[in-house]
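Below are the chains, spelled out letter by letter.
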Amino acid sequence: MDTKTIDQLLNRFETTGVVGEGNPRIKTIVRRLMRDLMIAMEELDITPEEFWAGLNYLGDAGRSGELGLIVPGTGLEHFLDLRMDEAEAKAGLKGGTPRTIEGPLYVAGAPVVQGEARLDDGNTPGEVVVMQGVVRGEDGKPLAGAKVEVWHANDVGNYSYFDKTQSDFNLRRTIVTDAQGRYKFRSVMPVGYSVPPGGATDRLLQQLGRHGHRPAHIHFFVTAPGHRKLTTQINLENDPHLWDDFAFGTREGLVPPIHTNTDRAAMQALGVAKPFYEIKFDFTLHADKDSVPATDFQRPRAAA
Ligand code: MBD
Ligand code: FE
């Protein structure tokens, strides 16, 4: 079928069974996606078996809750980041900490702590890490009272809430910066996430000849009044998947050096018997700007 015939067909679909105005924006988007799908079916000569297998696959993915994992795994979530980068560049925004994907594992409602937090419940195996830094505006001035929401995986790559063996909000906190704009936390080193074996995402990746591993990383939402929300992560250097992330989340500027602290007194102060890791990382936020899409957009998220 040629595209002219497809367009005529879509005209008929749009003018048959009409009972009201509907939503013009949704009508435009659905028509366009249907058209692109039909053209792809024609050009790739998609068979009925392939079509129904694809439909069933999407149903499976939805029922198992993995659509939010297929989006980063196919690069669509990184694509959204690149679109936002472009919109900001067009609006003249420069500098600022690079954004990177949120992923599907944020949970709203983590305990709020002033200045300094411990993220692990004391029962979580792993090597101790202390991370700290300053939240600044683009003028370089520290932002007091900024919120640093942090979440990360445990030593086997699992996130609390989704992994019910962990305590509530383990490895999740909201830290409020002090008068000098500083945040600080102690936690245990995360290990990279892998998609659930045999699940919808894994099955798709296998068909694409790709793995489903992420490098170890720590997620952040950084917010402050009068500033654009920053969604980002740091990735841990030396991870074998650092630049081989199935979700395409690693970016220049988000791989801070990790320092190993072997100082006896420092170890004693933390109550640890072994050297621990230290990471310094500052965040720079853009001031609010009307001419560029908001970064604190709604997205259905888990909350506990
Ligand atoms: C994760 O932990 C993650 O950060 C992303 C983007 C996708 C899957 C799991
Ligand atoms: Fe993650």
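Each remark here, short or long, concerns the structure printed above.
Residues numbered from 1 in each chain as written. Chains lettered and ligands numbered in written order. Predicted model: local features only at pLDDT ≥ 70, side-chain atom pairs only at ≥ 80, totals over all residues. Heavy atoms only, no water.

For the rest of this paragraph, the subject is the site of ligand 1. Around ligand 1, the structure places Leu69, Ile101, Gly103, Pro104, Leu105, Tyr159, Tyr193, Arg214, His217 and His219. A distance of 2.9 Å separates an oxygen atom of ligand 1 from a polar atom in the side chain of Tyr159. A distance of 2.6 Å is found between an oxygen atom of ligand 1 and a side-chain nitrogen or oxygen belonging to Arg214. Protein chains shield 100% of the accessible area of ligand 1, which is 260 Å² for the free molecule. Partitioning the shell around ligand 1 into residue classes produces 6 nonpolar, 3 polar and 1 charged. (Near = heavy atom within 4 Å. Polar contact = N/O pair within 3.5 Å; in protein donor to acceptor, adjacent residues only side chain to side chain. Areas by Shrake-Rupley, 256 points an atom, 1.4 Å probe, with all protein chains shown as cover. Nonpolar A, V, L, I, M, F, W, Y, C, P; charged D, E, K, R; others polar.)

A word on the coordination of the iron ion (ligand 2). When a metal holds four donors in a tetrahedron, each ideal angle between them is 109.5 degrees; when it holds six in an octahedron, the ideal angles are 90 or 180 degrees. Bound to the iron ion (ligand 2) on the protein side are Tyr159 (OH), His217 (NE2) and His219 (NE2), at distances that span 2.0 to 2.1 Å. When the donors of the iron ion (ligand 2) are listed by position in the chain, the intervening gaps give Y-x57-H-x1-H. Overall, His217 belongs to the buried group, its relative accessible area being 3%. (Donors = N, O, S within 2.8 Å, 3.2 Å for Na, K, Ca; no water. Buried < 20%, exposed > 50% of the residue type's maximum accessible area, 1.4 Å probe, protein only.)

Let us now look at the side chain of Thr250. Relative to the elements of secondary structure, Thr250 occurs in the loop between strand E9 (230-235) and strand E10 (258-261). Classification of Thr250 by relative accessible area gives buried; the value is 12%. Separated by 2.6 Å, the side chain of Thr250 and the backbone oxygen of Leu242 make a polar contact. (Helix = DSSP H or I, 4+ residues; strand = E, 2+ residues; numbered from the N terminus.)

We note that Asp45 has phi near 50°; this positive angle belongs to a residue other than glycine. Tracing the backbone shows Asp45 in the loop between helix H2 (24-43) and helix H3 (48-63). Although it is not a glycine, Leu171 sits at a positive phi angle of roughly 65°.

We now examine the environment of Gly133. Structurally, the position occupied by Gly133 is in strand E4 (residues 128-137). The spatial distance from the C-alpha of Gly133 to the C-alpha of Phe185 is 9.6 Å, given a sequence separation of 52 residues. Not counting residues up to four positions away in its chain, the partners in contact with Gly133 are Gly181, Arg182, Tyr183, Phe281 and Asp282. (Contact = heavy atoms within 4.5 Å.)

What follows covers the sheet that holds strand E5 (residues 147-152). Taken in spatial order, the 5 strands line up as E2-E6-E5-E8-E9 in an open sheet, and their pairing is mixed. Both edges of this open sheet fall to strand E2 (112-114) and E9, since each of them pairs with a single strand only. Each strand of the sheet is rotated relative to its neighbour by a mean of 25°, with strand direction disregarded. (Pairing = 2+ DSSP bridges. Axes fitted to C-alpha atoms, helices over the stretch in contact; angles between N-to-C directions.)

Enumeration according to the criterion identifies 10 aromatic pairs in this entry. Ring centres 4.6 Å apart and planes at 50° place the aromatic pair Tyr106 and Phe221 in the tilted group. Linking Tyr106 in the loop between helix H5 (76-90) and strand E1 (107-108) with Phe221 in strand E8 (residues 217-223), this pair joins segments that are 115 residues apart in sequence. By relative accessible area, Tyr106 is classed as buried at 10%. (Phe/Tyr/Trp six-rings, centres within 6.5 Å; stacked < 30°, edge-to-face > 60°.)

Here we take up the nonpolar core. Grouped together as the largest cluster of nonpolar side chains are 27 residues, with contacts concentrated most on Met131, Val135, Tyr183, Phe185, Phe220 and Phe283. Counting only elements with at least two residues in this core, the list comes to E4, E5, strand E7 (182-188), E8, E9 and strand E12 (283-285). Residues Ile101, Tyr106, Ala153 and Tyr159 belong to the second largest nonpolar core, which totals 13 residues. (Core = buried A, V, L, I, M, F, W, Y, C linked by side-chain atoms within 4.5 Å.)

A contiguous nonpolar surface patch, about 350 Å² in accessible area, is contributed by Phe13, Ile26, Val30 and Met34. Top contributing element to the nonpolar patch by residue count: H2, with 3 residues. Looking at where Ile26 falls in the secondary structure, it is placed in helix H2. (Patch = residues over 30% accessible without salt bridge, like charges linked within 9 Å, V, L, I, M, F, W, Y side chains within 5 Å. Salt bridge = Lys/Arg side-chain N within 4 Å of Asp/Glu carboxyl O.)

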